[in-house]
Amino acid sequence: MAFFSKLKERLFKSSSKLDEGLEAIVEEGSPAEASSLPTAEAPPVTDAAPAGPAAPAQDIETAEKPAGLLGRLVGRGSGSEQRRTLDDDMLEQLEELLIAADMGVDTALRVTANMAEGRLGKKLSAREIKELLAAEVARVMEQVAKPMPIYAHRPQVVLVVGVNGSGKTTTIGKLASQFKAAGKNVVIAAGDTFRAAAVEQLQVWGERAGVPVLTAPEGSDPASLAYDAMTQAQADGADLLLIDTAGRLQNRADLMEELSKIIRVIRKKDETAPHNTLLVLDATTGQNALNQVEIFQKLADVSGLVMTKLDGTAKGGVLVALADKFALPIHAIGVGEQIDDLAPFDPEEFAAALTGLDQS
Ligand SMILES: Nc1nc2c(ncn2[C@@H]2O[C@H](COP(=O)(O)OP(=O)(O)OP(=O)(O)O)[C@@H](O)[C@H]2O)c(=O)[nH]1
């Protein structure tokens, strides 16, 4: 299945929430307006690209011209499409809807303000609002959609951080498999030495992908494992070394010490390492993901984000808030537990999937 269809299908909870909410907002404020515009013609579906630039005001005006003769004769002008005048009340409802979809207050206000610019007093259909919203979301996200940079430097060391259960291990497994399939020589270090299950899980991914996984006895020093992994990756001429880490935030001082020790030790082998520090975030935690970015930026020099579990959550909007607030690159998103359920982040596809817009 193409990733977009999968994304759309799996982001269903977020998109249906926004979709239904937008329809309800238009319906709620429009009965009188809809009946006063019995012959209004719906704007052509293909006129405005789903995630392209916001529809110019004149496109919306076009929608209010009388329906074509044929449309009127058969009573099918799209006058049946309900419209509502964009005013302060409606904007407030839109803001509330976006906040409920986990976009956060600041981002929701900014997004709705941009949607309203030059359009106050216009009559809009739910579909036009979705198009405006998708365009606005895509605009915010475009600036952060950047695949993980790959350098010529060998081995490129990728430190993977994030709270327990955010999906670090799974993401490392998926990345390792994908890079291996792309012809890269990959080594994994199972640096969460406190959780035997995480180590076993990585071993399974490693076996599947044909990638060596370096492990250490439970409870042993992850920095020493990272050092051994650097030695092996250098000896093997590996392209990539992916290092898993623990994510126990309960004792932040310990975690900070552990991460900085890993970094200190790998720098003894290569002072430019780590070359990427990926923070893995779980979309189902909603606004909490924003706190996690703040915390991990203090613990490590986060260079990019991976957002997992966008399937099965109604909190997909948090990705927009993250992009708006931190402007950190979003390298990839996860929409399931299978190997191909991790894909580069595409802002337009995401915006269309989030808002429930069809994209053909
Ligand atoms: N639905 C879904 N589940 C995911 C996704 N990514 C990871 N998971 C699941 O989330 C759970 C936790 O993932 P892990 O990869 O073990 O998370 P972790 O951050 O390594 O957690 P610890 O090992 O406890 O530190 C597992 O059951 C994964 O299968 C995703 O994109 N979608």
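Analysis parameters
Residues numbered from 1 in each chain as written. Predicted model: local features only at pLDDT ≥ 70, side-chain atom pairs only at ≥ 80, totals over all residues. Heavy atoms only, no water. Buried < 20%, exposed > 50% of the residue type's maximum accessible area, 1.4 Å probe, protein only. Helix = DSSP H or I, 4+ residues; strand = E, 2+ residues; numbered from the N terminus. Pairing = 2+ DSSP bridges. Right-handed = clockwise from strand over helix to strand, strands pointing away. Near = heavy atom within 4 Å. Polar contact = N/O pair within 3.5 Å; in protein donor to acceptor, adjacent residues only side chain to side chain. 1 Å grid on protein atoms, 1.4 Å probe; cavity = no way out; pocket = protein on both sides within 12 Å on 5 of 7 lines; lining within 4 Å. Sits in = over half its atoms within 2 Å of the grid points. Nonpolar A, V, L, I, M, F, W, Y, C, P; charged D, E, K, R; others polar. Expected span 1.5 Å × (residues − 1). Patch = residues over 30% accessible without salt bridge, like charges linked within 9 Å, V, L, I, M, F, W, Y side chains within 5 Å. Areas by Shrake-Rupley, 256 points an atom, 1.4 Å probe, with all protein chains shown as cover. Salt bridge = Lys/Arg side-chain N within 4 Å of Asp/Glu carboxyl O. Points joined across faces, edges and corners; volume = space filled by probe spheres on them. Core = buried A, V, L, I, M, F, W, Y, C linked by side-chain atoms within 4.5 Å.

Moving on, we get to the pairing of strand S9 (residues 330-334). Buried residues dominate S9, accounting for five of its five residues. One ladder, built from three bridges, connects strand S8 (residues 304-308) with S9; its direction is parallel. Bridge pairing in S9 places Leu 305 opposite Ile 330. Once you follow S8 into helix H14 (residues 318-326) and on to S9, the crossover reads as right-handed. Pairing of S9 with strand S10 (residues 342-344) involves three bridges; the strand directions are antiparallel. Across the sheet, the residue bridging to Ile 333 is Ala 343, located in S10.

Moving on, we get to the site of the ligand. Surveying the vicinity of the ligand reveals 20 residues, the closest of which are Thr 169, Thr 170, Arg 195, Asp 311 and Glu 337. Between the ligand and Gly 167 there is a distance of 2.9 Å, counted from an oxygen atom to a backbone nitrogen or oxygen. Measuring from an oxygen atom of the ligand, one finds a side-chain N or O atom of Glu 337 at 2.5 Å. For the ligand, the cavity whose grid points lie within 2 Å of the majority of its atoms is the largest pocket. Looking at the shell around the ligand, the elements with two or more residues in it are helix H9 (168-181) and helix H10 (196-209). Top contributing element to the shell around the ligand by residue count: H9, with four residues. In the shell around the ligand, the residues fall into three nonpolar, 10 polar and seven charged.

The terminal C-alpha atoms of helix H8 (residues 126-142) lie 24 Å apart, and with 17 residues this matches the ideal 24 Å at 1.5 Å per residue to within 8%. Where burial is concerned, most of H8 is hidden: 15 out of the 17 residues are buried.

Turning our attention to a nonpolar patch on the surface. Together, Ile 99, Val 105 and Leu 109 make up an exposed nonpolar region whose accessible area comes to about 230 Å². Secondary-structure assignment places Leu 109 in helix H7 (residues 105-116). Given the relative accessible area of 39%, Leu 109 is considered partly exposed.

Another aspect to go through is the layout of surface pockets. Approximately 290 Å³ is the volume attributed to the largest pocket. For the largest pocket, the lining is made up of 19 residues, of which Gly 165, Ser 166, Gly 167, Thr 170 and Lys 309 are closest to its centre. Elements that contribute at least two residues to the lining of the largest pocket include exactly H9 and H10. With five residues, H9 is the largest single contributor of residues to the lining of the largest pocket. In terms of residue class, the lining of the largest pocket is made up of one nonpolar, 11 polar and seven charged.

Turning to unusual backbone geometry, a few remarks are in order. Glycine aside, negative phi is the norm for most residues, and most peptide bonds take the trans geometry. Cis geometry marks the peptide bond from Arg 154 to Pro 155, where omega comes out at -15 degrees. By the secondary structure assignment, Pro 155 is in the loop between H8 and strand S3 (156-161). Residue Pro 274 is bonded to the preceding Ala 273 through a cis peptide linkage, with omega at -10 degrees. You can see Pro 274 is positioned in the loop between helix H12 (252-269) and strand S7 (276-282). Non-glycine residue Asp 102 carries a positive phi angle of around 70 degrees. You can see Asp 102 is positioned in the loop between helix H6 (88-100) and H7. Given a relative accessible area of 10%, Asp 102 falls into the buried group.

So, on to the nonpolar core. Of all hydrophobic cores here, the largest spans 81 residues; its most connected members are Met 141, Phe 296 and Leu 319. It is H8 that provides the largest number of residues to this core, a total of nine residues. By size, the runner-up hydrophobic cluster in this structure holds 22 residues, among which are Leu 175, Ala 176, Leu 278 and Leu 342.

On to empty space enclosed by the protein, then. Within the structure shown, the criterion is met by two cavities of 30 Å³ or more. Here the second largest cavity is characterised by a volume of approximately 30 Å³. In terms of lining residues, the second largest cavity is bounded by Leu 86, Met 90, Leu 94, Met 115, Leu 124, Ile 129 and Leu 132. Among the residues forming the lining of the second largest cavity, the class breakdown is seven nonpolar, no polar and no charged.

Here we take up the pairing of S3. Burial analysis of S3 places six of its six residues in the buried class, the great majority of the element. Where burial is concerned, the two faces of S3 agree: the one with Gln 156, Val 158 and Val 160 and the one with Val 157, Leu 159 and Val 161 are both buried. Sheet topology note: the S3/strand S6 (residues 240-244) ladder contains five bridges and is parallel. Paired with Gln 156 across the two strands is Leu 240, which belongs to S6.

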